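# Descriptive analysis of the structure
Chain residues, written in single-letter form:
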Amino acid sequence: MSKLKETLREKIEGWRPRTTRLIKEFGNVKLGEVTIEQAIGGMRSVKSLVTDISYLDPNEGIRFRGYTIPETLEKLPKAPGVDMPSVEGFVYLLLTGDIPSASDVQEIAAEFKARSGVPQYVFDVLRALPRDSHPMVMLSAAVVAMQRESEFAKAYEAGVNKMDYWESTYEDFMNLLAKLPTIAAYIYRMKYRADVVIPPNNDLDFGGNFAHMMGIPKPYDDVARMYFILHSDHESGNVSAHTGHLVASALSDMYYAQSAMLDGLAGPLHGLANQEVLRWIQGVMDKMDGKIPSEEEMKKFVWDTLKSGQVIPGYGHAVLRKTDPRYQTQREFCLKHLPNDDIFKFVDVLYKVVPDILVEQGKAKNPWPNVDAQSGVIQWYYGLKEYDFYTVLFGVGRAIGVGANIVWDRALGYPLERPKSLTTAMLEEVAGIKK
Ligand code: HAX
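First things first, this report covers the structure right here in the doc. (Residues numbered from 1 in each chain as written. Predicted model: local features only at pLDDT ≥ 70, side-chain atom pairs only at ≥ 80, totals over all residues. Heavy atoms only, no water.)

## A short note on the side chain of glutamine 147
Counting through the fold element by element, glutamine 147 comes out in the loop between α7 (135-145) and α8 (151-157). Setting aside anything within four residues of it in sequence, one finds glutamine 147 in contact with Ala153, Asp253, Tyr255 and Tyr256. (Helix = DSSP H or I, 4+ residues; strand = E, 2+ residues; numbered from the N terminus. Contact = heavy atoms within 4.5 Å.)

Here it is, written out as structure tokens:
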């Protein structure tokens, strides 16, 4: 057994009594109340999910296993000559809560290599789809097509003990994760690069191999590592993470759950916002004949969008109330690597004008940029201009966090999710509205 799995086993066994005690001895302790507005309004802020993988503070932003983004990037081991930590080490951190050693990272890299072969039928499925299908459709279809590989489904059928569900779920997680970069890069090359597919180089790490298969030179390997880490997890209530958790709660396996997660991510209010940002900016650029708009000109574009009843993509958040630290980290990367890029300058002008306008409009609870406001700019700069592919990059990253959560869901025996519905008439009755 790998050291990662052994460490995970120890952590799980140590953790289980905490969860059991909370349910048995403190199960009736109240966490809050639910208002009518919350019930109608998408359950905003209702405290009803439990995860130890990450926590989102409205003002501070995300912490992965207790570490802020700068701490995570600083503490995780890095290969010589690169700026970003390896995805392999980050997977170790999310699963165990511990910072891995360099040899832990190498062991996971070896595991990924051993598990990386993508079955031919997955490529056949991708080729059977219309070539103009959205790349998120392709990624989701490829993932669900692999369900027949599920170790959990086999173990369940064989009658495995509930306490051991996590083991086969872990195997599914590692198997799927090892294949995702190859599948994502295959979709890209097939769809946008004249179907010239670049085979994997298994001497490279997760991010390095992805950059290689995309055909994009350094420092894109670091961009890939940064992207996958930043997009991995944002606690459990966002649409993609919640969907993955919900579907897995029915004991649907990792493949079903991650495919569903990707379908949720593909919505324009969620992961698709990164493509929408670039689409919006391109629209402005076309109208400006490529010239960078002044702040006054940009204000007009922003107001025109709002007045036509659309949202400004890349701004606002359901939980965050400050600038997203994932935006900040990417902005710092841009300042280092592409300070004079035209689209970066565009995004900078946007940053100067949008928050004040959203405040003036008075609707958005958070006028500040989120992760998606900056992420497409970097991709565009490195030649990845097919912006409908951007959410696929998000999806590969998000699979890390959602998968780690599902392994722990199974380890702690989290049950089927089943909130209660009410009718409008019941709400009116609770509100004391007389008919
Ligand atoms: N532009 C214009 N209006 C906005 C806005 C924006 N960027 N953000 C919020 N609003 C509006 C909402 O549409 C809502 O209007 P109505 O009352 O007319 O329905 C009002 O402000 C209140 O919304 P809120 O409570 O502040 O925000 P929500 O929690 O309802 O929604 C969203 C959060 C992220 C969906 C929202 O801010 C939005 O639509 N942003 C633009 C799309 C986007 O960038 N999505 C990516 C978010 C990050 C993410 O999940 N990435 O994957």
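## Quick word on the pairing of strand β1 (residues 54-57)
Of the two faces of β1, the one lined by Ser54 and Leu56 is fully buried and the one lined by Tyr55 and Asp57 carries no buried residue. Between the end of β1 and the start of strand β2 (residues 61-64), which pair antiparallel, lie three residues. (Buried < 20%, exposed > 50% of the residue type's maximum accessible area, 1.4 Å probe, protein only. Pairing = 2+ DSSP bridges.)

## Quick word on the site of the ligand
Near the ligand you find 21 residues, and of these Leu269, Gly314, Tyr315, Lys365 and Asp372 are the closest. Within the backbone of glycine 314, one N or O atom sits 2.7 Å away from an oxygen atom of the ligand. Contact between the ligand and tyrosine 315: a nitrogen atom at 2.7 Å from a main-chain N or O atom of the residue. Within the complex, 76% of the 910 Å² of free accessible area of the ligand lies under protein. (Near = heavy atom within 4 Å. Polar contact = N/O pair within 3.5 Å; in protein donor to acceptor, adjacent residues only side chain to side chain. Areas by Shrake-Rupley, 256 points an atom, 1.4 Å probe, with all protein chains shown as cover.)

## Remarks on the packing of aromatic side chains
Evaluation of the coordinates by the stated rule reveals 15 aromatic pairs. Plain terms: the ring middles of phenylalanine 64 and phenylalanine 90 are 5.1 Å apart, the flat faces sit at 85° to each other, and that makes the pair edge-to-face. Of the two residues, phenylalanine 64 is situated in strand β2 and phenylalanine 90 in helix α4 (residues 87-96); the sequence distance between them amounts to 26 residues. Both residues of the pair, phenylalanine 64 and phenylalanine 90, count as buried. With a centroid separation of 5.0 Å and 55° between ring planes, the pair formed by tyrosine 188 and phenylalanine 389 is classed as tilted. Taken together, the positions of tyrosine 188 in helix α9 (residues 165-192) and phenylalanine 389 in the loop between α18 (372-381) and α19 (390-411) put the pair 201 residues apart, joining distant regions of the chain. Here tyrosine 188 falls in the buried class, since its relative accessible area comes to 1%. Residue classification places phenylalanine 389 among the buried positions, given a relative accessible area of 0%. An aromatic cluster is built from Phe112, Phe206, Phe210 and Phe228, whose rings are joined through pairwise contacts. Above the face of the tryptophan 15 ring, arginine 18 is positioned so that its terminal group lies 4.2 Å from the ring centre. (Phe/Tyr/Trp six-rings, centres within 6.5 Å; stacked < 30°, edge-to-face > 60°. Lys NZ or Arg CZ within 6 Å of the ring centre and 35° of its normal.)

## With respect to the nonpolar core
Counting 118 residues, the largest nonpolar core has Tyr220, Val302 and Phe389 as the members making the most contacts within it. Among the elements that take part in this core, α9 stands out by supplying 16 residues, more than any other. Excluding residues that lie within four positions of it along the chain, valine 302 makes contacts with Trp280, Ile312, Leu350, Val353, Val354 and Ile357. (Core = buried A, V, L, I, M, F, W, Y, C linked by side-chain atoms within 4.5 Å.)

## Comments concerning helix α10 (residues 206-214)
The buried count for α10 comes to eight of nine residues, which makes it a mostly enclosed element. Along α10, the residues that are buried comprise Phe206, Gly207, Gly208, Asn209, Phe210, Ala211, Met213 and Met214. Structurally, α10 contributes buried residues whose contacts are with α4, α5 (102-115), α9, α11 (220-230) and α19. Of the residues trailing α10, glycine 215 is marked for its positive phi of about 80°.

## Things to note about the sheet that holds β2
An order of β1-β2-β3 is seen for the three strands of this open sheet, with the pairing classed as antiparallel. Only two strands of the sheet have a single neighbouring strand rather than two, namely β1 and β3 (67-68). Here two bridges tie β2 to β3, and the two strands are oriented antiparallel to one another. Along β3, the bridge assignment pairs phenylalanine 64 with tyrosine 67.

## Some remarks on unusual backbone geometry
Of note, the amide linkage connecting lysine 218 to proline 219 takes the cis form, showing an omega dihedral of 5°. The topology assignment puts proline 219 in the loop between α10 and α11. Positioned with a positive phi, alanine 194 is a non-glycine residue whose angle comes to about 55°. Among the structural elements, alanine 194 can be located in the loop between α9 and α10. The phi torsion at leucine 251 lies on the positive side, around 65°, for a residue other than glycine. Following the sequence through the fold, leucine 251 ends up in the loop between α12 (239-249) and α13 (254-265).

## Digging into α7
For α7, a buried count of eight out of 11 residues is recorded, marking the element as mostly surrounded by other parts of the structure. For α7, every residue scored as buried is listed here: Pro135, Met136, Met138, Leu139, Ser140, Ala141, Ala142 and Val143. Buried residues belonging to α7 abut α6 (120-128), α9, α13 and α19.

## Quick notes on the packing of α11 against α19
α19 packs onto α11 with a crossing angle of 55° between their chain directions and a minimal axis gap of 8 Å. Judged on the interaxial angle alone, α19 and α11 are oblique. Facing Tyr220, Tyr227 and Phe228 of α11, the residues of α19 in contact are Leu393, Val396, Gly397 and Ile400. Residues that form the contact of α11 with α19 fall into these classes: six nonpolar, one polar and no charged. (Axes fitted to C-alpha atoms, helices over the stretch in contact; angles between N-to-C directions. Parallel < 35°, antiparallel > 145°, perpendicular 65-115°, else oblique. Nonpolar A, V, L, I, M, F, W, Y, C, P; charged D, E, K, R; others polar.)

Spatial relationships are all this shows, so hold off on functional conclusions.
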